[in-house]
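Structural overview
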Amino acid sequence: MEINFEENSLSTKDFTSESKINGAELKELIETKNHFFIKLTTDLSLIIPKEAVENKTEFKQRVIGLGAEYVNELNWEWK
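Residues numbered from 1 in each chain as written. Predicted model: local features only at pLDDT ≥ 70, side-chain atom pairs only at ≥ 80, totals over all residues. Heavy atoms only, no water.

Some thoughts on the pairing of strand E1 (residues 2-5)
Working note: regular strand, side chains alternate between the two faces of the sheet. As paired elements, E1 and strand E2 (residues 9-13) share 4 bridges and run antiparallel to each other. What sits directly across from Glu-2, in E2, is Lys-13. Connecting E1 to the antiparallel partner E2 that follows it, the hairpin turn spans 3 residues. (Pairing = 2+ DSSP bridges. Helix = DSSP H or I, 4+ residues; strand = E, 2+ residues; numbered from the N terminus.)

Looking at the nonpolar core
As a rule of thumb, nonpolar side chains are buried together in soluble globular proteins. The biggest cluster of nonpolar side chains holds 15 residues, and the ones touching the most others in it are Leu-10, Leu-26, Leu-29, Ile-38, Ile-48, Phe-59 and Val-63. Listing elements by their share of this core, those giving two or more residues are strand E4 (26-31), strand E5 (35-40), strand E6 (45-49) and helix H1 (56-65). For this core, the element with the highest residue contribution is E5, accounting for 3 residues. (Core = buried A, V, L, I, M, F, W, Y, C linked by side-chain atoms within 4.5 Å. Buried < 20%, exposed > 50% of the residue type's maximum accessible area, 1.4 Å probe, protein only.)

A word on the pattern of salt bridges
As enumerated under the stated definition, the model contains 6 salt bridges in all. Among the salt bridges present, the one from Glu-31 reaches Lys-50, with a minimum N-O distance of 2.7 Å. On the criterion of sequence distance, the pair formed by Glu-31 in strand E4 and Lys-50 in the loop between E6 and H1 is long-range, its members being 19 residues apart. Here the two residues Glu-31 and Lys-50 agree in accessibility, since each one is buried. Lys-60 is paired through a salt bridge with Glu-31; the nearest N and O atoms lie 3.2 Å apart. With Lys-60 in helix H1 and Glu-31 in strand E4, this residue pair connects regions lying 29 residues apart in the sequence. Bridged by salt links that share partners, the residues Lys-27, Lys-39 and Asp-43 form one connected network. (Salt bridge = Lys/Arg side-chain N within 4 Å of Asp/Glu carboxyl O.)

Geometric descriptors of this kind do not, in isolation, establish any biological role.
Right under this line is the structure:
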């Protein structure tokens, strides 16, 4: 998956589809040990493996800059 940031939105592209998501639709950026979850106002989430993100700090800043609330779940574990 490819994610591109624009002024007020982000766009995603993979081998089957393309989407543009308005920044107002971003609800939360949830960070776990191995993944980022971008939760939308519809409660759907984009799941991004951290290993696929080159600059994690910049990625977080850009998503938060679009209006998502940061949620630290680094200690979260499956039970």
